[in-house]
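One letter stands for each residue in the lines below.
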Amino acid sequence: MSGTNQIIKPGQILFKSGDKSDGMYLIRRGEVCVYLEQEGKEVVLAKVGAGGMIGEMSLFDQQPRSASVKAQSEAEVTLISQDDFSKLMKQIPKWFVSLMSALSSRLRTTNERLKNLESGIIAAGPSGAMAPYANVVKQLHIMVLLFHKDGEKIGKDWVLRTSAIETSVREILQSDTAKLKALIDVLVTAGVVQERQDNYKNPAIATSNRTVLTSLASFIAEFSKNNPDRPYVTVDVVNMLRTFEKMVASAPYETVSAGLDEIIKEGKRGGLTTDNWSNDIATLTKAGESVKVVKTSNGLGLRAKKADLTFFVQCCNVLAALFKGKFN
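Being a predicted model, the structure only gives us computed values, none of them experimental.

Novice: Hey, could you run me through the overall build of the protein in this one?
Specialist: Secondary structure summary: the protein contains 11 helices and 15 strands in total. Looking at the protein as a whole, 45% of its 328 residues are labelled buried. Carbon and sulfur atoms make up 50% of the accessible area of the protein, which totals about 16900 Å².

Novice: Any chance you could explain the packing of aromatic side chains here in plain terms?
Specialist: We describe a pair of aromatic rings using the distance from one ring centre to the other and the angle between the two ring planes. Under the defined criterion, the tally for this structure stands at four aromatic pairs. Centre to centre, the rings of Phe219 and Phe312 are 5.7 Å apart; their planes meet at 90 degrees, and the pair counts as edge-to-face. Taken as a pair, Phe219 in helix H7 (residues 212-226) and Phe312 in helix H11 (residues 306-324) lie far apart in primary sequence, 93 residues in all. The class for Phe312 is buried, based on a relative accessible area of 3%. Aromatic rings pair up to connect Phe219, Phe223 and Phe312 into one cluster. One Lys or Arg, Lys70, reaches over the ring of Tyr35 and ends 5.1 Å from the middle of that ring. Sitting above the plane of the Trp158 ring, Arg210 keeps its charged end 3.8 Å from the centroid.

Novice: In this structure, what is going on with the pairing of strand E12 (residues 203-207)? I would like to understand it.
Specialist: Each regular strand shows side chains that alternate between the opposite faces of the sheet. Burial runs high along E12: four of the five residues are buried. Hairpin connection between strand E11 (residues 194-197) and E12: a loop of five residues separates the two successive antiparallel strands, and Lys201 in this loop has a positive phi of roughly 65 degrees.

Novice: It is not clear to me how the state of the cysteines should be interpreted in this structure. Could you clarify?
Specialist: Joining two cysteines, a disulfide is a covalent bond between their sulfur atoms. Summed over the entire model, instances satisfying the criterion amount to zero disulfides. The thiol of Cys316 is not disulfide-bonded; the next cysteine sulfur, from Cys315, is found 6.9 Å away.

Novice: So what exactly am I meant to see when it comes to unusual backbone geometry here?
Specialist: Glycine aside, residues mostly have negative phi, and peptide bonds are mostly found in the trans state. Positive phi, close to 65 degrees, is recorded for Lys201, a residue that is not glycine. Tracing the sequence through the fold places Lys201 in the loop between E11 and E12. A residue is classified by how much of its surface remains accessible, and Lys201, at 62% relative accessible area, is exposed.

Novice: Sorry, what's going on with the pattern of salt bridges here?
Specialist: Here the idea is simple: oppositely charged side chains can pair when their charged atoms come close. Scanning the model with the defined rule gives 10 salt bridges in all. A salt bridge links Glu42 to Lys70; the shortest N-O distance between them is 3.1 Å. One end of the pair, Glu42, is in strand E5 (residues 41-49); the other, Lys70, is in strand E7 (residues 68-71), and 28 residues separate them in sequence. When the shortest N-O distance is used, the salt bridge between Lys292 and Glu289 registers 3.3 Å.

Novice: Just checking my understanding: could you explain the sheet that holds strand E15 (residues 299-305) for this structure?
Specialist: What links the strands of a sheet is backbone hydrogen bonding, and the strands pair in either a parallel or an antiparallel sense. Read across the sheet, three strands follow the order E13-E15-E14 without closing on themselves; strand pairing throughout is antiparallel. In the strand order of this sheet, the two ends are held by strand E13 (255-259) and strand E14 (291-296), each with one partner. Neighbour-to-neighbour, the strand axes of this sheet turn through a mean angle of 30 degrees, independent of strand direction. Against the sheet, helix H9 (residues 260-269) engages E13 and E15, with an angle of about 80 degrees to E13.

The rules behind these values
Residues numbered from 1 in each chain as written. Predicted model: local features only at pLDDT ≥ 70, side-chain atom pairs only at ≥ 80, totals over all residues. Heavy atoms only, no water. Helix = DSSP H or I, 4+ residues; strand = E, 2+ residues; numbered from the N terminus. Buried < 20%, exposed > 50% of the residue type's maximum accessible area, 1.4 Å probe, protein only. Areas by Shrake-Rupley, 256 points an atom, 1.4 Å probe, with all protein chains shown as cover. Phe/Tyr/Trp six-rings, centres within 6.5 Å; stacked < 30°, edge-to-face > 60°. Lys NZ or Arg CZ within 6 Å of the ring centre and 35° of its normal. Pairing = 2+ DSSP bridges. Disulfide = S-S within 2.5 Å. Salt bridge = Lys/Arg side-chain N within 4 Å of Asp/Glu carboxyl O. Axes fitted to C-alpha atoms, helices over the stretch in contact; angles between N-to-C directions. Contact = heavy atoms within 4.5 Å.

Dropping the structure here:
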C-alpha cells in the first residue's frame, strides 16, 4: 500500500485528541508517544516504535482522534489516507470490516475511561474535596489507570509491575516514590492488593478486581469531605468493626444489626481493649452507606450488609493506617 512519508522531530505533535482524522500512520523508524492531556497534565498510554501503527481506529469509524500523538525521538511516518484505505477495504469481506468497527468502538470506550481516570487525578488537588489525603487519592487513581493500561491478566488476577507505578508517580506528580512504597505496604496489609511477581519475576501488585482502588479512592474522598474536622478513623474503630464483622459472618441474615454493648462484650472475649469504643462509634456516623450507626434499645449499634462489610472494614483499615503514618 502506498502512502506519504513525513519526518517529525522530537516533541513535534503529529495530531491531537479531537482532531479530524486524515488516515492511519505507519512508524518507519524512531518512536512516537500516544497520550491523553487535561489541564496541562499528560498521561502516556503507549509508546509505538518502528513497525507499529497509530490512528487506525479512525479508518474504520471516521470518528475524531481519541488520543494525541507526538514524536518521542526523531521519527519517520507514512500516512495511509482514508482514500487509500477505502480502496483496500473493497477487497476485504464486509464481516471483517464490521468486526474492526466494533473493536474500534470498544477501544474508544476504553480511552474515555482513561480520560475520566485522568480527570480524577487532576481533580484531587490540595484544595479539593479529597483533602487532606489528596496525594494518596492521586496515586490510587494512577494505579487504576495503569491497571487498565498496562495490567497483565495472570490466572484470575490483574498484575501490575511496581516500577510502572513509580515511573508514573514521578512523571505525573513530580514527587519521589517513598510515600508510594509506604502506601502500597498499607494496601497490602489491609488486603486491598497483594504483592507478587509478574511473568518476568519483576515486583508487582495484583488484584482480581481492578475497580477496587477506584472504590477505595472514592471512600477516602467522601469520608474526608463528610468529616472535615476528623477525617480519619483510629485503630480502635477498626478493631470494633472487625469484631462486628465476625458477628455478622455467623448471622443467618444478609443485613445484620448489633448493639454496641454486644460488640463490646464480643471484643472483650477476644482480648481487645474496648474502653474508647463508646466514643469512637460516633466516628462512623458519616462514614457512608455501607455501615450505619443505629439506635438500639440499649443505646447505639451498627447495621450493615454482609456483602458490603468486608470492603468497608478494609477501607477503614487503610484510613487508620494513613492517619497513623501521617500521609496527610
